[in-house]
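Structural description and commentary
Here is what each chain is made of, one letter per residue.
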Amino acid sequence: MSNTDLMPIAGAIDPVPVARDITPRPDGRVDLIGLPKKRIAELFAEAGLDAKQAKLRAKQVFHWLYHRGVTEFEAMTDIAKTMRPWLAERFVIGRPNVVEAQVSSDGTRKWLLQTDDGHEFEMVFIPDADRGTLCVSSQVGCTLNCRFCHTGTMRLVRNLTPGEIVGQVMLARDALSEWPKGANDTRLATMAGLDDEETEAEYTADGRLLTNIVMMGMGEPLYNFDHVKQALTLVMDGDGLALSKRRITLSTSGVVPMMARCGEEIGVNLAVSLHAVTKDVRDEIVPINKKYGLEELLQACADYPGASNARRITFEYVMLKDKNDSDEDARELVRLLKAYKLPAKVNLIPFNPWPGAAYDCSSPERIRAFSNIVFEGGISAPVRTPRGRDIDAACGQLKTAAHKKSRAERDREAASEAANEG
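Residues numbered from 1 in each chain as written. Predicted model: local features only at pLDDT ≥ 70, side-chain atom pairs only at ≥ 80, totals over all residues. Heavy atoms only, no water.

Per an unreviewed UniProt entry, the protein chain goes by the name Dual-specificity RNA methyltransferase RlmN and belongs to Aurantiacibacter flavus. Under the heading Sequence similarities (unreviewed entry), UniProt records this for the protein chain: "Belongs to the radical SAM superfamily. RlmN family." In its Subcellular location (unreviewed entry) section, the UniProt entry covering the protein chain states "Cytoplasm". (UniProt positions renumbered as here; feature names shortened; annotations may be inferred.)

Things to note about the overall build of the protein chain
What the protein chain contains, in helices and strands, is twelve helices and 13 strands. Residues counted as buried form 53% of the 422 residues belonging to the protein chain. When contacts within the protein chain are restricted to residue pairs at least 6 apart in sequence, those whose partners lie at least 24 apart make up 68%. Here the protein chain displays about 18600 Å² of accessible surface, and carbon together with sulfur accounts for 49% of that area. (Helix = DSSP H or I, 4+ residues; strand = E, 2+ residues; numbered from the N terminus. Buried < 20%, exposed > 50% of the residue type's maximum accessible area, 1.4 Å probe, protein only. Contact = heavy atoms within 4.5 Å. Areas by Shrake-Rupley, 256 points an atom, 1.4 Å probe, with all protein chains shown as cover.)

A word on the UniProt feature "active site" (unreviewed entry) in the protein chain
The sites that carry the UniProt feature "active site" (unreviewed entry) are, in the present numbering, Glu-122 and Cys-395. By the secondary structure assignment, Glu-122 is in strand β5 (residues 120-127).

Some details on the nonpolar core
Among the nonpolar cores identified, the biggest contains 110 residues, and Leu-32, Phe-44, Phe-315 and Val-346 are the most heavily contacted of them. Examining the composition of this core, we find that seven residues originate from one element, helix α2 (residues 51-68), more than from any other. Excluding anything up to four places from it in sequence, Val-346 contacts Phe-315, Tyr-317, Leu-333, Leu-337, Val-374, Ile-379, Ser-380, Ala-381 and Pro-382. (Core = buried A, V, L, I, M, F, W, Y, C linked by side-chain atoms within 4.5 Å.)

Describing the pattern of salt bridges
Counting across every chain of the model gives 19 salt bridges. We note a salt bridge from Glu-74 to Arg-84, for which the minimum N-O separation is 2.9 Å. With a gap of ten residues between them, Glu-74 in the loop between α2 and α3 (83-90) and Arg-84 in helix α3 connect regions that are remote in the sequence. A salt bridge links Asp-327 to Arg-366; its shortest N-O distance comes to 2.8 Å. Taken together, the positions of Asp-327 in helix α10 (residues 327-339) and Arg-366 in helix α11 (residues 364-376) put the pair 39 residues apart, joining distant regions of the chain. (Salt bridge = Lys/Arg side-chain N within 4 Å of Asp/Glu carboxyl O.)

Here we look at α10
With 13 residues, α10 should reach 18 Å at 1.5 Å per residue; the first-to-last C-alpha distance of 18 Å fits that figure. Every buried residue of α10 is accounted for by Asp-329, Ala-330, Leu-333, Val-334, Leu-336 and Leu-337. For α10, the buried positions fall inside an angular range of 165° around the axis, keeping them on one side. Among the exposed residues of α10, those oriented more than 90 degrees off its buried face are Glu-328 and Lys-338. One or two steps after α10, the chain reaches Lys-341, where phi turns positive at roughly 50°. (Expected span 1.5 Å × (residues − 1). Arc of directions from axis to C-beta.)

Brief notes about the packing of helix α6 (residues 225-236) against helix α7 (residues 256-266)
Where α6 contacts α7, the axes come no closer than 11 Å and their chain directions differ by 25°. Comparing the axis directions of α6 and α7 gives the class roughly parallel. When the axes of α6 and α7 are compared, the crossing they make is right-handed. On the side of α6, the interface is formed by Phe-225, Asp-226, Lys-229, Leu-232 and Met-236, while α7 contributes Met-258, Arg-261, Cys-262, Glu-265 and Ile-266. Looking at the contact of α6 with α7 residue by residue, the classes come out as six nonpolar, no polar and four charged. (Axes fitted to C-alpha atoms, helices over the stretch in contact; angles between N-to-C directions. Parallel < 35°, antiparallel > 145°, perpendicular 65-115°, else oblique. Left-handed = near helix turned anticlockwise from the far one by under 90°. Nonpolar A, V, L, I, M, F, W, Y, C, P; charged D, E, K, R; others polar.)

Side note on the environment of Asp-174
Relative to the assigned elements, Asp-174 resides in helix α4 (residues 162-175). Between the alpha carbons of Asp-174 and Thr-71 there is a distance of 9.8 Å; along the sequence they are 103 residues apart. Excluding its chain neighbours within four sequence positions, the residues that come into contact with Asp-174 are Gly-69, Arg-95 and Trp-179. Among the polar contacts listed, one links the side chain of Asp-174 to the side chain of Trp-179, at a separation of 2.8 Å. (Polar contact = N/O pair within 3.5 Å; in protein donor to acceptor, adjacent residues only side chain to side chain.)

Comments concerning the pairing of strand β12 (residues 313-319)
Across the seven residues that make up β12, a large majority, seven, are buried. Burial along β12 is two-sided: the residues Ile-313, Phe-315, Tyr-317 and Met-319 and Thr-314, Glu-316 and Val-318 are all buried. As paired strands, strand β11 (residues 269-273) and β12 are joined by three bridges and run parallel to one another. Its bridge partner being in β12, Ser-273 is matched across the sheet by Glu-316. Note: β12 against strand β13 (residues 344-350), seven bridges, orientation parallel. Paired with Phe-315 across the two strands is Val-346, which belongs to β13. For the segment spanning β12, α10 and β13, crossover handedness is right-handed. (Pairing = 2+ DSSP bridges. Right-handed = clockwise from strand over helix to strand, strands pointing away.)

Things to note about the packing of aromatic side chains
Taken as a whole, this structure holds four aromatic pairs when the rule is applied. Measuring from ring centre to ring centre gives 4.8 Å for Phe-62 and Tyr-66, while their planes differ by 55°; the resulting arrangement is tilted. Placement of the pair is Phe-62 and Tyr-66 together in helix α2, with a separation of four residues, close to one helical turn. The exposure class of Phe-62 is buried, given its relative accessible area of 2%. For the pair Trp-86 and Phe-91, a centre-to-centre distance of 6.3 Å together with 55° between the ring planes defines the contact as tilted. The exposure class assigned to Trp-86 is buried, which follows from its relative accessible area of 17%. (Phe/Tyr/Trp six-rings, centres within 6.5 Å; stacked < 30°, edge-to-face > 60°.)

Considerations on the environment of Phe-351
Within the element layout of this structure, Phe-351 appears in the loop between β13 and α11. Exposure remark for Phe-351: the relative accessible area of 2% places this residue in the buried category. With 32 residues separating them in the primary sequence, Phe-351 and Met-319 have C-alpha atoms 5.5 Å apart.

Put into structure tokens, the structure is as follows:
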């Protein structure tokens, strides 16, 4: 069991993370997804293998898990046939359970997922012409209570484990056929040929659809730092999922004490949910501002390790009618970013409505005017095109369907689909 110290958090409740190394299962088997190679070797040794053999088997299994994406030990063809049942009796290769999968009219995909202990969360895949971005959740629910965010209306249930976080990436690669050619080809007898350099065409079936990851799903990643770090370490591992840190962005609402550690220990791109340029407005819509104010947050951004003109910090700014969208707000945004000499770009996000929301979206004309002022100030400020609104997959809309649809309703829908297919 790992130890995760709780930090005071602005919000209605404090989080109650379930900090654990592995996810206990009713059958007693250990899920290997989310575990580093060293820990897998330790578990194999604890299960009875000698140290040398445990280390070798861990290397082989790690390769099959993260480079090949197999979900059954039987597919690990360089491991002796007599060894595979031994592994299957003690260990399992997990994925989040899929409760529901939806596809938007614009191609955006959203999955409602469930942990082994019954908690639900969501992930979203956003395809574009030159990239495919997976929006990954770090917690079940959220505690920050940002007033414009639908996810913020949920209570925080618990932190996701490293396996549940990296499992989202694994599941997306499954769905998009993003594993190397031959991942489940039982004719591959040894690892000898698997480490050879592969062409882009061989590496994926669909032209590498998943190119970027953003930690912008449910939850505040920096309030689950240890687990997010372990998961992203596996994602960036050259022997693992091998995605460059330059293609990973972590978004925070402003957990200032953890920002430097994020840059130093994880090293990914930083995005900051800014959304306002005055204390009163940000206190209202992003309550963590009452704990870590604008000046403190912007200084932490200025000090962020690795930030440069080549790796700019992204500032997310949701456009709320008559709240934060005036010409004065735009000019103050430019002034603040320049005052702290920040290598910055601003993403202007049209507010995505949800039932009961206290705000309206700024008009397209107002958003364009705001964007023009920021651009004229020398800072890039593109307007993000809303994606997945029809399936509640757009920015700020994630809230598990468990709150909208009962289990009985989902079961009836599944039965109906099965009957139609039959």
